[in-house]
Amino acid sequence: MRLLNRRCLALMGVLGGAKKYVSTLSPLGSVFNSIPAPKKSVWFAASKENKGLFLIPELRSDPGFEMLKYAAEHKVEDLVEEALSPKRKRKIVTIFDEISNTLCCVADTAEFVRMSHPDYDFRLAAEYAVVYLSNVVESLNTNTDIYNVLKEVLESGKDVVPMDAVDIRVGNLFKFDFDLSGCHLSKTKKETYVKLSESVIMTGNMFMDGCHSSVELPKDKLPEHLRYCFNLDGDNVLIGGNHLDHWNDQVREAAYKVYHYPNESQVKLLDALILNRHRLATLAGFPSFAHRALKGTLAETPEMVEDFLNALSDRVKPIANKEYKELLKLKKEKASSNDQVLRSWDIMYYSALGRHQKYNISGEEFSPYFSLGNCMEGLNIVLKSLYDVTLQNVEPQNGELWSDEVYKLAAVHKTEGVLGYIYCDLFDRPGKHMMDCHCTIRGGREQNDGSYQLPIVVLNCNFSRPVNNIPTLLTPGLLRNLFHEFGHAMHSMLGRTKYQHVTGTRCPTDFAEVPSEFMEIFATDPRVISLFARHFRTGEPLPMEAIQNFCKASNMYAAIEMQVQIVYSMMSQKLHGRNPLEKSTTELYAEIHNQYMGVPYVEGTAPHLRIGHLNGYGARYYSYLMSRAVASEIWQQCFKEKPLNREMGERFRREVLAHGGEIPPKDLIKAMLQKPLTIDDMVDALVQKMND
């Protein structure tokens, strides 16, 4: 029996002798560990008593989106008139931000509802609103008159009210948005630009759909002993994934080769997406789409990104080679086939097996100690320690929520009061967006009367519901996801920016992930985990030895995992470089894979056609690695010795989180670390974190 099995069984009362546990959770933890009574329905947004989603009165029912979008459009028309008036009394940037706020408050709400509302009519109405307001935004971004007013103010440095550094930066960000829409181009070029933009959106969405599609093939194409390992549909086999965790080597091989076979439709869509992005960029005067995408980011240029990735690869390669040798040895001992070479489809399975063998642990043994309530308690401990902020459950008003399983939290500072609101939509349900994510409903900003518009966000996860008097239990991976998303939420809550256009996560992608990657580190630190990991029935703490073993196991084979991210990141750079499609995307992937990975590329496959982030992130896929590097450097320099350091927490809030995107990212990081951050620093931080 494994090390923790008898302990877990005893603590759950299965072996007898377990003491009755009296919960010592805070009110917040108790709420999230409660077992709700069965409901007749998981939504009630259209009930007669409804007071509006997010306390928006118009949203008593789905037609309310019609009222909201038209009201927003009319207000924007008035603001545009004010911007163009020779008698204008407010700064042009202030007016532009109010335009942005007016549209975002409706569009962001509609975008979230479109993805996650349980009622089809609400989702459909929200989708119409998103499309309608997107057209309004496109019309604004190609409005030459207001563009010229903004441009004149920025070039002269003078406005009706004197501008400060933040005004100038945000004004230039607005101008860049205009430039990205081709507003500065001639009429003919602008028309071409708009058509290319529409094509990019359409082909990108179609490519995304294809990334997750199943593959169907006649079952006689597979050996008989394999075909029944997959779903059958008459005479066909359906393969909906690469089955990388399956114990049988031949099953993994078959699934990998079939699932990653080069789908001709996906090939054409990706080619069209890349080519039209390149045309967009060159039409706007950029050498490549990567140059366009990276302007204003932490990395700044594609050249810096490639330097970072190559430097990281050089440092990681010898560590990864040792890990490959361990996995190959394990495969030779345990393989269900005669293949004695480590393959792409082997890495995930044998990595999990290696972790289990070395530390004798599994996620199932840890989950009873990570009830949702205990994990929320852990979040509260971290936030209270670092920022003097607590999460407090708020009783929602009737009809405020879209599901009776949503929790509303207030982020409350000890002296500053309520900083904002977080709606936690944490459980899976039919029709809900499946990706864990943070959605801004309303951004924070300074208002004309001197008050602050409090931010409102939603955290979307897909945890299992409580069942049979057992609260929701998280695996260590889900715990990291929860902390990650709350990192985004606290970026929004703690931001105190002048303008909502740059508040919280509304900053460059390679910086927006820093707070979330930073919070994730707390969910992997034994000293922090020990403060809240308690068995959900007995309150017994998870032994420190077990916590340390888990953290060590989580770090095993980190170099191989990093190589995968380097491959994806470099692929996105090369695809969006100066000379895209010089060779087929499959040839390019094979070349990059063989250069940066320690296992050979599998001939006849095209894994890049399953990377949806090539659409969503474009040339910015590297952002995960760079953000993790920045977060790791901040951790190493400021928190490693004392994770719950109030002094450093206050500095992190003051120098980083408070400013969103209103200050260049490199300046925020320099202020936090009290030195400039170099490529070598970032690489060192990632390698050091791997070795901790």
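Bear in mind that the values here come from a model prediction, so they are computed numbers and not experimental data.

Draft legend 1. Layout of the overall build of the chain. Within the chain, the regular secondary structure consists of 28 helices and 10 strands. C-alpha extents for the chain along the principal axes are approximately 80 × 65 × 55 Å. Here the chain holds 692 residues, and 55% of them are scored as buried. Taking the intrachain contacts of the chain between residues at least 6 apart in sequence as the baseline, contacts between residues at least 24 apart amount to 73%. Taken as a whole, the chain presents about 30,200 Å² of accessible surface, with 51% of it coming from carbon and sulfur. For the chain, the separation between the mean place of its 80 positive charges and that of its 86 negative charges on side chains is 3 Å.

Draft legend 2. Broad picture of the pairing of strand β5 (residues 407–413). Taking burial as the measure, the seven residues of β5 include seven buried ones, the bulk of the element. Of the two faces of β5, the one lined by Y407, L409, A411 and H413 and the one lined by K408, A410 and V412 are each fully buried. Both strand β4 (residues 389–394) and β5 contribute to a ladder of six bridges, which runs antiparallel. Directly across from V389, in β5, lies its bridge partner H413. As defined by bridge partners, β5 adjoins strand β6 (residues 417–427) across seven bridges and the pair is classed as antiparallel.

Draft legend 3. Highlighting the packing of aromatic side chains. Applying the stated criterion to the full structure yields 25 aromatic pairs. Each ring, one from F483 and one from F532, has its centre 6.2 Å from the other, and the planes form 20°; the classification is stacked. Here F483 is found in helix α17 (residues 476–494), whereas its partner F532 is found in the loop between α20 (526–529) and α21 (544–555), with 49 residues between them in sequence. Relative accessible area serves as the criterion here: at 0%, F483 is assigned to the buried category. Under the relative-accessibility criterion, F532 is labelled buried at 2%. Arranged with centres 5.1 Å apart and planes meeting at 80°, the rings of F518 and F522 form a pair that is edge-to-face. Linking F518 with F522, this pair stays in helix α19 (residues 514–522), spanning four residues, or about one helical turn. The ring of Y132 carries K69 above its face, with NZ or CZ at 4.7 Å from the centroid. The positively charged end of R610 is found above the aromatic ring belonging to Y259, 3.5 Å away from the centroid.

Draft legend 4. Geometry of helix α5 (residues 120–141). Look at α5: 31 Å from first C-alpha to last across 22 residues, which is about the 32 Å you get at 1.5 Å a residue. Turning to α5, its buried residues are F122, R123, A125, A126, A129, V130, L133, V136, L140 and N141. With its buried residues spanning 155° around the axis, α5 presents them on a single face. Exposed residues lying more than 90 degrees from the buried face of α5 are Y120 and Y128. Elements in contact with the buried residues of α5: α3 (64–84), α4 (92–116), α6 (144–156) and α7 (165–180).

Draft legend 5. Spotlight on the state of the cysteines. As enumerated under the stated definition, the model contains zero disulfides in all. C551 takes part in no disulfide bond, and the closest cysteine sulfur to it belongs to C375, at a distance of 13 Å.

Draft legend 6. Main features of the sheet that holds strand β1 (residues 215–218). Ordered by their spatial adjacency, three strands build an open sheet running β1-β3-β2, and the pairing between neighbours is antiparallel. Looking at which strands have only one partner, the edges of the open sheet turn out to be β1 and β2 (231–233). Pairwise comparison of adjacent strand axes, ignoring direction, gives a mean angle of 35° for this sheet. By the bridge criterion, four bridges tie β1 to strand β3 (residues 236–239) in an arrangement that is antiparallel. Residue pairing for β3: V215 is matched across the bridge by I239.

Draft legend 7. Quick look at the nonpolar core. The biggest cluster of nonpolar side chains holds 140 residues, and the ones touching the most others in it are I422, F486 and F639. In contact with I422, not counting residues within four places along its chain, are L391, Y407, K408, L409, V457, L459, F486, A489, M490 and M493. Within the second largest apolar cluster, 53 residues are counted, among which are F65, L79, A110 and L150.

Definitions and limits used
Residues numbered from 1 in each chain as written. Predicted model: local features only at pLDDT ≥ 70, side-chain atom pairs only at ≥ 80, totals over all residues. Heavy atoms only, no water. Helix = DSSP H or I, 4+ residues; strand = E, 2+ residues; numbered from the N terminus. Buried < 20%, exposed > 50% of the residue type's maximum accessible area, 1.4 Å probe, protein only. Contact = heavy atoms within 4.5 Å. Areas by Shrake-Rupley, 256 points an atom, 1.4 Å probe, with all protein chains shown as cover. Lys, Arg positive; Asp, Glu negative; His and termini not counted. Charge placed at Lys NZ, Arg CZ, Asp CG, Glu CD. Pairing = 2+ DSSP bridges. Phe/Tyr/Trp six-rings, centres within 6.5 Å; stacked < 30°, edge-to-face > 60°. Lys NZ or Arg CZ within 6 Å of the ring centre and 35° of its normal. Expected span 1.5 Å × (residues − 1). Arc of directions from axis to C-beta. Disulfide = S-S within 2.5 Å. Axes fitted to C-alpha atoms, helices over the stretch in contact; angles between N-to-C directions. Core = buried A, V, L, I, M, F, W, Y, C linked by side-chain atoms within 4.5 Å.

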